[in-house]
Amino acid sequence: MKKRNKYRAHFDGEHASSANVKLLEAALSLKHRFFSMVALRRGLRRLRRWTIILLIALPLLAALIWGCMTAVEKAYSLSIDKVTFDARQKLISKEQAMQILGIEESINMTSLDTGAMKAKLEEHLCIESAHIRAELPDTLHIEINERIPVVYVEQESGAETGNRVRFFMDPSGHLFPVMPEFHRNFMGVPVWYLQPGDVSEFKAGAVIDEEKRRPITELVSAANMYSLVEIPAIREIFRPKEWKIIVTLEGSTEVLMQVYDLKGQMERLAMILEHCRATHRRARSINVVPRLNPTVIYAQ
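Counting starts from 1 at the beginning of each chain's written sequence and moves along it residue by residue. Totals for whole chains, interfaces and linings use all residues, but because this is a predicted model, local features are given only for residues with pLDDT of at least 70 and pairs of side-chain atoms are given and counted only at 80 or more. As a convention, hydrogens and water are excluded, and side-chain values are obtained from all of the structure's heavy atoms.

Enquirer: Got a minute to help me understand the overall build of the protein in this structure?
Expert: Strands are runs of DSSP state E lasting at least 2 residues, helices are runs of H or I lasting at least 4, and numbering of each runs from the N terminus. If you tally the helices and strands in the protein, you get 10 helices and 12 strands. For the protein, with 300 residues in total, the buried portion stands at 35%. What makes two residues a contact is simply this: any of their non-hydrogen atoms within 4.5 Å. Across the protein, contacts joining residues at least 24 apart in sequence account for 51% of those joining residues at least 6 apart. Exposure was quantified through the Shrake-Rupley algorithm and a 1.4 Å probe, taking into account, for residues, occlusion by the shown protein chains and nothing else. Roughly 19200 Å² of accessible area belongs to the protein as shown, and the carbon and sulfur atoms make up 56% of that amount. Residue exposure (1.4 Å probe, protein chains only): buried if accessible area is under 20% of the type maximum, exposed if over 50%, otherwise partly exposed.

Enquirer: Help me understand the packing of helix H5 (residues 94-101) against helix H6 (residues 114-123) in this model?
Expert: Any two packed helices are characterised by how steeply their axes cross, that is the angle between the axes, and by the distance between the axes. Two elements in contact, H5 and H6, have axes separated by 9 Å at closest approach and are oriented at 105°. One element, H5, and the other, H6, form an angle in the roughly perpendicular class. Mapping the contact onto sequence places Ala97, Ile100 and Leu101 in H5 and Met117, Lys120 and Leu121 in H6. Looking at the contact of H5 with H6 residue by residue, the class counts come to five nonpolar, no polar and one charged. To obtain each axis, a line is fitted to C-alpha atoms, and for helices this fit is confined to the stretch in contact; angles are then taken between N-to-C directions over 0 to 180 degrees. Here roughly perpendicular refers to angles of 65 to 115 degrees, roughly parallel to angles under 35, roughly antiparallel to angles over 145, and oblique to all remaining angles. Classification convention: Asp, Glu, Lys, Arg as charged; Ala, Val, Leu, Ile, Met, Phe, Trp, Tyr, Cys, Pro as nonpolar; all other residues, Gly among them, as polar.

Enquirer: Even after reading the chapter, I still don't get a positive patch on the surface, so can you show me in this structure?
Expert: Within the patch definition used here, like charges are joined within 9 Å and nonpolar side chains (Val, Leu, Ile, Met, Phe, Trp, Tyr) within 5 Å, considering only residues with over 30% relative accessible area and no salt bridge. For this analysis, a salt bridge means a side-chain nitrogen from Lys or Arg found within 4 Å of a carboxyl oxygen belonging to Asp or Glu. The charge count includes Lys and Arg as positive and Asp and Glu as negative, but it does not include His or the ends of the chains. In plain terms, the charge of a residue is placed at NZ if it is Lys, CZ if Arg, CG if Asp and CD if Glu. A contiguous patch of positive charge on the surface is contributed by Arg41, Arg45, Arg46, Arg48 and Arg49. Note on placement: Arg48 falls in helix H4 (residues 37-77).

Enquirer: Is there a simple way to think about helix H10 (residues 262-278) in this case?
Expert: By definition here, a helix of n residues has an expected span of 1.5 Å times n minus one. Between its terminal C-alpha atoms H10 stretches 24 Å, which fits the 24 Å expected from 17 residues at 1.5 Å a residue. Listed in full, the buried residues belonging to H10 are Leu262, Gly264, Gln265, Met266, Arg268, Leu269, Ala270, Ile272, Leu273 and Cys276. Buried residues along H10 sit in contact with helix H9 (210-223), strand E8 (234-238), strand E9 (244-249), strand E10 (254-258), strand E11 (283-287) and strand E12 (295-298).

Enquirer: Is there a simple way to think about the sheet that holds E12 in this case?
Expert: Two strands pair if DSSP finds at least two bridges between them. Here nine strands make up an open sheet; going across it, the order is E6-E5-E4-E7-E8-E9-E10-E11-E12 and the pairing mixed. At either margin of the open sheet sits one strand with a lone partner, and together these are strand E6 (175-176) and E12. The pairing of E8 with E9 spans four bridges and is classified as antiparallel. Of the residues in E9, the one forming a bridge with Phe238 is Ile246. Docked against the sheet, H9 engages strand E4 (151-155), strand E5 (167-169), strand E7 (191-194), E8, E9 and E10, running at close to 155° with respect to E8. Where H10 meets the sheet, its contacts fall on E8, E9, E10, E11 and E12, and the angle it forms with E10 comes to roughly 155°.

Enquirer: Would you mind going over the sheet that holds strand E3 (residues 139-146) with me for this structure?
Expert: Think of a sheet as strands paired side by side through backbone hydrogen bonds, with each pair either parallel or antiparallel. If you walk across this open sheet you meet the three strands as E1-E3-E2, and the pairing is mixed. Where the open sheet ends on each side, the last strands, each with one partner, are strand E1 (82-87) and strand E2 (127-135). Mean inter-strand twist for the sheet, computed between neighbouring axes without regard to direction, equals 15°. Sheet topology places E1 next to E3; six bridges connect them, and they run parallel. Note that in E3 the partner of Val83 across the bridge is Leu140. Sheet contacts for H5: E1, E2 and E3; angle to E1, the most-contacted strand, approximately 105°. Its contacts with the sheet put H6 on E2 and E3, and the angle it makes with E2 is roughly 160°.

Enquirer: Just checking my understanding: could you explain a nonpolar patch on the surface for this structure?
Expert: Side chains of Leu54, Leu58, Leu61, Leu64 and Ile65 sit close together on the surface and give an oily, nonpolar patch of about 490 Å² of accessible area. By relative accessible area, Leu61 is classed as partly exposed at 45%.

Enquirer: Which parts of the structure should I look at to understand the packing of aromatic side chains?
Expert: Each aromatic ring pair is specified by the distance between its two centres and by the angle formed by the two planes. Think of it this way: a Phe, Tyr or Trp ring, Trp meaning its six-membered ring, pairs with another when their centres are within 6.5 Å, and the plane angle makes it stacked under 30 degrees, edge-to-face over 60, tilted otherwise. Under the definition given, this model contains four aromatic pairs. One aromatic cluster is present, formed by Tyr152, Phe168 and Phe176 through successive ring pairs. Charge-over-ring placement is defined geometrically: NZ (Lys) or CZ (Arg) within 6 Å of the ring centre, and within 35 degrees of the ring normal. Across the ring face of Tyr152, the terminal group of Arg166 is positioned such that the distance to the ring centre comes to 5.4 Å.

Enquirer: Could you clarify how one ought to interpret the pattern of salt bridges in this entry?
Expert: Charged atoms that come close allow side chains of opposite charge to pair. Tallied over the entire structure, the rule returns 13 salt bridges. Note that Lys90 is salt-bridged to Asp86, the shortest N-O span being 3.0 Å. For Asp86, a relative accessible area of 37% puts it in the partly exposed group. With its nearest N and O atoms 3.6 Å apart, the salt bridge here joins Arg239 to Glu242.

Enquirer: Would you mind going over the side chain of Gln265 with me for this structure?
Expert: With respect to the secondary-structure elements, Gln265 resides in helix H10. According to the relative accessible area criterion, Gln265 is buried, its value standing at 0%. For Gln265, the contacting residues outside a window of four places in its chain are Met257, Gln258, Tyr260, Val288 and Val289.

Enquirer: When you look at the confidence of the model for the protein in this model, what are you seeing that I'm missing?
Expert: Should the pLDDT be low somewhere, the predicted coordinates at that spot are not to be read in detail. Each residue carries a pLDDT score, the predictor's own confidence in it, on a scale running from 0 to 100. Taken over all residues, the pLDDT of the protein has a mean of 85, while the share at 70 or more is 81%. Residue range residues 6-15 is modelled with pLDDT below 50. Its contacts to residues more than four positions away, or to other chains, number six contacts.

In structure tokens, the structure reads:
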């Protein structure tokens with residue numbers, strides 16, 4: 001102890017700097033340094049400090065690792081578990097829409113591209129518009145508006161050329177493919193035989209001019225106001241002139257009409273056909289253009 005006191009005598013007691021204390025300890029033998037209370041206390045303080053740091057850091061590190069793992073797990077588990085579907089016209093089912101989209105397995109919400117899905121649905125010519133919305137955490141909402149077939153369209157020259165291709169036309173004049181899986185309730189609509197020039201190019205996706213299609217859509221709309229007993233189903237529609245429409249009904253009755261006042265002409269046609277039923281006669285041809293005294297030719 002005297003030897004240690006001898007070294008300490010070179011310093012100013014209580015106010016010696018820590019650097020001087022370290023130099024003093026460095027001059028001591030290994031044995032003395034090992035059993036030095038100052039070194040022991042310093043080591044204990046360091047150990048306590050590092051222990052506190054570790055006690056604080058380890059939970060934080062564990063929480064950070066857990067948060068990262070949870071985020072990754074949630075990202076991979078954000079699959080679409082619920083799909084709501086609404087077709088305005090009820091022509092296309094949810095399964096058919098999913099087939100159009102090419103969705104067979106679950107979709108990850110993080111990789112979902114609703115814009116591309118909307119575009120893919122609207123590329124289908126039987127669909128007028130689509131709206132797709134993703135809702136966290138696991139729901140996809142799909143809404144579509146299908147095209148409603150009003151008539152078949154076929155080129156009148158098809159009988160001569162052999163090109164008997166048919167498309168459907170919707171009220172806005174768009175031509176789209178005939179697909180029985182979607183349009184099974186519309187397979188009995190009339191056929192409108194187009195004249196050259198009625199459409200610029202006869203193909204799916206083409207649009208018939210409004211002035212060309214308006215009398216036809218009005219004709220079909222007016223006919224749909226009556227039951228099939230009052231006015232049999234229209235099978236064929238011809239428009240040989242701008243003002244003239246020739247309609248063939250179920251049962252081969254031919255009706256001459258004009259493009260104006262189609263609702264009034266349908267009323268006259270319904271009355272004529274009612275008279276035919278009452279008198280047990282069948283009309284072969286009817287001209288409903290005159291407001292008074294329309295012409296009727298009866299079958300023999």
